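Each chain is listed here by its residues.
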Amino acid sequence: MVRKKELNELSYTQLRRCFSEVDFDFKTTRDVEPLREIIGQDRALKALQLGLDIDSSGYNIFITGFAGTGRKTTIKAYLEKISQKKKKLFDKIYVNNFQNPDMPLLISLPAGKGNEFKKEMDLLIETIVHKIPLIFEEEDYQRAKKKLIEENQDMEKKVFHEFEQDVAKNGFALIQVQYGSYTKPEIAPLIDGKAVPINQLPGMVKSGGLTEERLERLKQKYELLHNKMDTVFKKSREIERKLRQEIQSLDSSFVMPFINDLIADIYSRYDEPKIQEYLNNVSKNIIDNIETFKGTDQEKENPLAKMFTAKSPGDPFLEYSVNVIVDNSRETSVPIIIENYPTYRNLFGTIEKVVDKSGYLTTDFSRIKAGSFVRADGGYLVIDAMDALMEYGVWSTMKRVLKTGFLEIQNFDPYLMYSTSSGLKPEPMPIDVKVVMIGDHYIYHLLYDRDEDFHKTFKIKADFDSAMPLNENNMEKYVAFIKKITDDEQLLPFSASAVAEVIEFGLRLSERQQKLSTKFSQIADLIRESSYWAKKSKSTVVEQTHIEQTLEERRMRLNLFEEKLQEMIQDETLLIETDGAKVGQINGLAVFNYGDYIFAKPNKITAQVSLGRAGFINIEREAKLSGKIHDKGVLILSGYFRAKYAQEFPLSLSASICFEQSYSGVDGDSASSTEIFVLLSALSELPIKQGIAVTGSVNQKGEIQPIGGVNVKIEGFFDVCHARGLTGKQGVIIPIQNVEELMLRKDIVEAVRKGKFHIYPISNIDQGIEILTGKPAGALTKLKKYPANTVNNLVLAKLRSLAITLRDFGQENNKKTNKKTKTSTGSKRRKV
């Protein structure tokens, strides 16, 4: 039998916005088209469009919003849609700087030309390596070279012959003197037809074999001949140097036409000035280093041997290679790079190092590697703000790149000690990238307040909403979204009743009866899991029961702690009463948020009142278990009592409020109205119905204010009551503003329909206390008094009584104090 509704009680139809298959014109999602647009984010999309359309500096985009609202998926889909516009892309290559090898040169080429040029250069060097040894084996070259060598040798022989004659004419001879491991020509005088080194002559003087006069003459001739020998050797070296120059000129004369023809062929296919300048430098460098290409005897037998060895710092032909760091040959639209791991190296590139044969780290221009910024040049780069801020050096470097428009690739790795020791300084690269950062409101405002460059660098904020209006158009898009997920992931189709259940779940997520949630990641998870359970039951279509099963299974996976608390309440380890009435005791509702699961349970709140001047004592605060917002709520209720009851006399009481069996922190103001109700009960000595729990914030005027988590709070108290048995007298008092947020479980709606549970919306304290005590609150009459036998009258009377008692006690205490003072004074006088 359905019980007659009490005053202010909600109807079961107000507790949940319901849909069914009759609300849709299809049987299953097979009959609908998949979603092809972005839904629920009109504001964000307009901001995105503005940021993407303006090419001026600083118009990068920072996306804010709750996780799960599809920010990354949305931006990717939106960028892919607009990226179909044709835009000229370029390949990026680094080549050797022959004038300064430590500063590699950057060259930009039209898309696809980078690898073409690399292949052209590889073929050029391969051809030169193969052909040059053959050129030097030609008869004409060998004959010309032989002639040069013979001519210079003749000149050298003539010089030495003339010198030898001069030496012999002066009675000296040329000998070879051993100096360690090598010999050196030396001049020695002939004594009795035998060459004697000059340093042995003093010994011959002592032995009488040589006179002092002859020794002096020999020394003078030796000095003269020795100077002539130095001149002869100098001429010999000049002849050799001249021979090398002539051979080099000869080599150039034979090789240059061949090299120039090869390079001219490449030159004709590239009109890029930097390419042409580079090719000129290549030609000059090859000519200057022609000996490198002649090869050893082994290499002459196999001239291509060098070309098939791995490139290394010791490779003589490495300097002619091309390092293609960006290849856009296969790109048909502007690049969209989503960097999921935005380290410094991944974003800005690096210069790798290798260990050479000596065991030292070394590098060169071929080790320059591009990062996401370079690969995204001409397009868009999407990164997560928190990830970027967590990586050392990323934020400051990114700001510098975006402000200057240039990126300088460095060998920087904060985790390696030797990371900054590279001697290379590649030519800075011009960068044209639109950066899209994804973060939350906290990070956005933190950067905006603390970093003066942030608002100059990210001028566009795109805020993603977590909910959208419930209307026919958005419902159709919800259905299309379900169809898209089932098609993309090959899931089972959804029946109309299952779709209705998904939409109701979207309303529950948004905590609004008139709003659909845009947390599509959670909606998608529900679709996937429901399809799983449908397949498990051998169904070919996902039905409403499978959605309900999915939600129940998810709850069972996550509610272990909730069950433990429920068991403690059932075992009366946690003392919660859900029947009868008690003075100074009430059931508040506490929310437990563990991130992946939120639930609520009742919490006994008690109040004790006595004579005194301490006022309202917040035991949680005294125990340092109270948060700032809760402390504010307690101060607000003291303001309410002063305004309502202390206009003719002061509040003269000590009242303590306690969350019983609460051993962790308490915060929030949703229990502030509950604390007023329990104080009113303690003062009026009227019992409060224990079967009714209360939630709601309050202001100093006694007006009830909305709170969060209204659904889980009602469900938490219902579960406790249901476990003990519903009496028909149990329920929850909520703020009237929260009625539009109700999306309660179906079992609660059914219990309310049968009159076994009740939901009471209130707008002020007086309405709530009437429901809790069954007594009228009482309104002030024209005589500024409350009617007899009302709650407010009883409270006022109690407070007046406490004030009078405290006054009388104070007066009596003052009399006793004064009497003692007079007696003490008289005794002192008598003693004097």
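Refer to the structure printed above.
Quick notes on the rules
- Residues numbered from 1 in each chain as written.
- Predicted model: local features only at pLDDT ≥ 70, side-chain atom pairs only at ≥ 80, totals over all residues.
- Heavy atoms only, no water.
- Axes fitted to C-alpha atoms, helices over the stretch in contact; angles between N-to-C directions.
- Helix = DSSP H or I, 4+ residues; strand = E, 2+ residues; numbered from the N terminus.
- Parallel < 35°, antiparallel > 145°, perpendicular 65-115°, else oblique.
- Left-handed = near helix turned anticlockwise from the far one by under 90°.
- Contact = heavy atoms within 4.5 Å.
- Buried < 20%, exposed > 50% of the residue type's maximum accessible area, 1.4 Å probe, protein only.
- Pairing = 2+ DSSP bridges.
- Phe/Tyr/Trp six-rings, centres within 6.5 Å; stacked < 30°, edge-to-face > 60°.
- Nonpolar A, V, L, I, M, F, W, Y, C, P; charged D, E, K, R; others polar.
- Expected span 1.5 Å × (residues − 1).
- Patch = residues over 30% accessible without salt bridge, like charges linked within 9 Å, V, L, I, M, F, W, Y side chains within 5 Å.
- Areas by Shrake-Rupley, 256 points an atom, 1.4 Å probe, with all protein chains shown as cover.
- Salt bridge = Lys/Arg side-chain N within 4 Å of Asp/Glu carboxyl O.
- Lys, Arg positive; Asp, Glu negative; His and termini not counted.
- Charge placed at Lys NZ, Arg CZ, Asp CG, Glu CD.
- Core = buried A, V, L, I, M, F, W, Y, C linked by side-chain atoms within 4.5 Å.

Caption draft 1: The packing of helix α3 (residues 113–135) against helix α6 (residues 212–267), seen in detail. Between α3 and α6, whose axes approach to 11 Å, the crossing angle comes to 165°. As far as their axial angle goes, α6 and α3 are roughly antiparallel. The handedness of the crossing between α3 and α6 comes out as right-handed. Across the interface between the two elements, Phe 117, Glu 120, Leu 124, Thr 127, Ile 128, Lys 131, Ile 132 and Ile 135 from α3 touch Phe 254, Val 255, Phe 258, Ile 259, Leu 262, Ile 263 and Ile 266 from α6.

Caption draft 2: Summary view of the pairing of strand β30 (residues 758–762). Most of β30 is tucked away, with five of its five residues classed as buried. Burial of the side chains of β30 extends over both faces: His 758, Tyr 760 and Ile 762 are buried on one face and Ile 759 and Pro 761 on the other. Inspection of the sheet shows strand β29 (residues 731–735) paired to β30 by five bridges, in the parallel sense. Counterpart to Ile 734 in the pairing with β30 is Pro 761.

Caption draft 3: Region of the structure containing the packing of aromatic side chains. All told, the structure shown has 33 aromatic pairs when counted by the stated rule. Consider the rings of Phe 293 and Phe 317, whose centres lie 5.0 Å apart with planes at 40°: the pair is tilted. Remark: Phe 317 occurs in the loop between α9 (297–301) and β7 (322–326) and Phe 293 occurs in helix α8 (residues 291–294); sequence separation between them is 24 residues. Here the two residues Phe 293 and Phe 317 agree in accessibility, since each one is buried. Geometrically, the ring pair formed by Phe 641 and Tyr 645 is tilted, given 5.6 Å between the ring centres and 40° between the ring planes. Here the residue Phe 641 and the residue Tyr 645 both occupy positions in helix α22 (residues 628–645), the gap between them amounting to four residues, near one helical turn. Phe 641 gets classed as buried once you look at its relative accessible area, which sits at 1%. An aromatic cluster is present here, built from Phe 98, Phe 117, Tyr 270, Tyr 278, Phe 293, Phe 317 and Tyr 320 joined pairwise through their rings.

Caption draft 4: How the structure looks around the sheet that holds strand β6 (residues 194–195). If you walk across this open sheet you meet the three strands as β4-β5-β6, and the pairing is antiparallel. Each end of this open sheet is capped by a strand with a single partner; those strands are β4 (172–179) and β6. Relative to the sheet, helix α4 (residues 139–169) contacts β4 and β5 (182–191), its axis offset from that of β4 by approximately 105°.

Caption draft 5: Seen up close, the packing of α6 against helix α7 (residues 273–288). One way to put it is that α6 packs onto α7 with a least axis distance of 9 Å and a crossing angle of 155°. Considering the angle they form, α6 stands roughly antiparallel to α7. Between α6 and α7 the crossing geometry is right-handed. Two secondary-structure elements touch here, α6 through Gln 248, Ser 252, Val 255, Met 256, Ile 259, Asn 260, Ile 263, Ile 266 and Tyr 267 and α7 through Gln 276, Leu 279, Asn 280, Val 282, Ser 283, Ile 286, Ile 287 and Asp 288. Classifying every residue of the contact of α6 with α7 by side-chain character gives 10 nonpolar, six polar and one charged.

Caption draft 6: Representation of α4 within the structure. Taking 1.5 Å of rise per residue, the 31 residues of α4 would be expected to cover 45 Å, and the 44 Å separating its terminal C-alpha atoms lies within 8% of that figure. Among the residues of α4, Tyr 141, Leu 148, Asn 152, Glu 156, Val 159, Phe 163, Asp 166 and Val 167 are the ones counted as buried. Residues of α4 that are buried in the fold lie against α3, β4, β5, α6 and α8. Phi turns positive, to about 80°, at Gly 171, one or two residues after α4.

Caption draft 7: Spotlight on the environment of Ile 443. Its place among the elements puts Ile 443 in helix α14 (residues 441–450). You can call Ile 443 buried: its relative accessible area is 5%. Separated by 379 residues in sequence, Ile 443 and Thr 64 place their C-alpha atoms 8.8 Å apart.

Caption draft 8: How the structure looks around a positive patch on the surface. Where like charges cluster on the molecular surface, the positive patch consists of Lys 234, Arg 237, Arg 241 and Arg 244. Owing to a relative accessible area of 51%, Arg 244 belongs among the exposed residues under this scheme.

Caption draft 9: Inspection of the sheet that holds strand β16 (residues 434–438) at higher detail. The parallel open sheet is built from five strands, whose spatial order is β8-β13-β16-β1-β17. Every other strand in the sheet has two partners, leaving β8 (336–339) and β17 (460–463) as the edge strands with one partner each. Put simply, the sheet's adjacent strands are angled 20° from each other on average, direction ignored. Summarising the sheet, β8 and strand β13 (residues 380–384) pair through four bridges and their orientation is parallel. Its bridge partner being in β13, Glu 339 is matched across the sheet by Ile 383.

Caption draft 10: The pattern of salt bridges, seen in detail. Inspection of the entire model under this criterion finds 39 salt bridges. The salt bridge partner of Lys 399 is Asp 451, with a shortest N-O separation of 2.9 Å. With Lys 399 in helix α13 (residues 394–404) and Asp 451 in the loop between α14 and α15 (454–457), this pair connects stretches of sequence that are 52 residues apart. The class for Lys 399 is buried, based on a relative accessible area of 12%. Of the charged contacts in the structure, one is a salt bridge between Arg 800 and Glu 648, with a shortest N-O distance of 3.3 Å.

Caption draft 11: Here's a closer look at the nonpolar core. Counting residues in hydrophobic clusters, the biggest one holds 44 residues, and the most contacted among them are Phe 641 and Tyr 645. By residue number, the principal contributor to this core is helix α23 (residues 672–684), which donates seven residues. With near-sequence residues (within four places) excluded, Tyr 645 lies in contact with Tyr 640, Leu 680, Tyr 786, Asn 792, Val 795, Leu 796 and Leu 799. If you look at the next biggest cluster of nonpolar residues, it comprises 38 residues, including Phe 348, Ile 383, Ile 409 and Ile 431.

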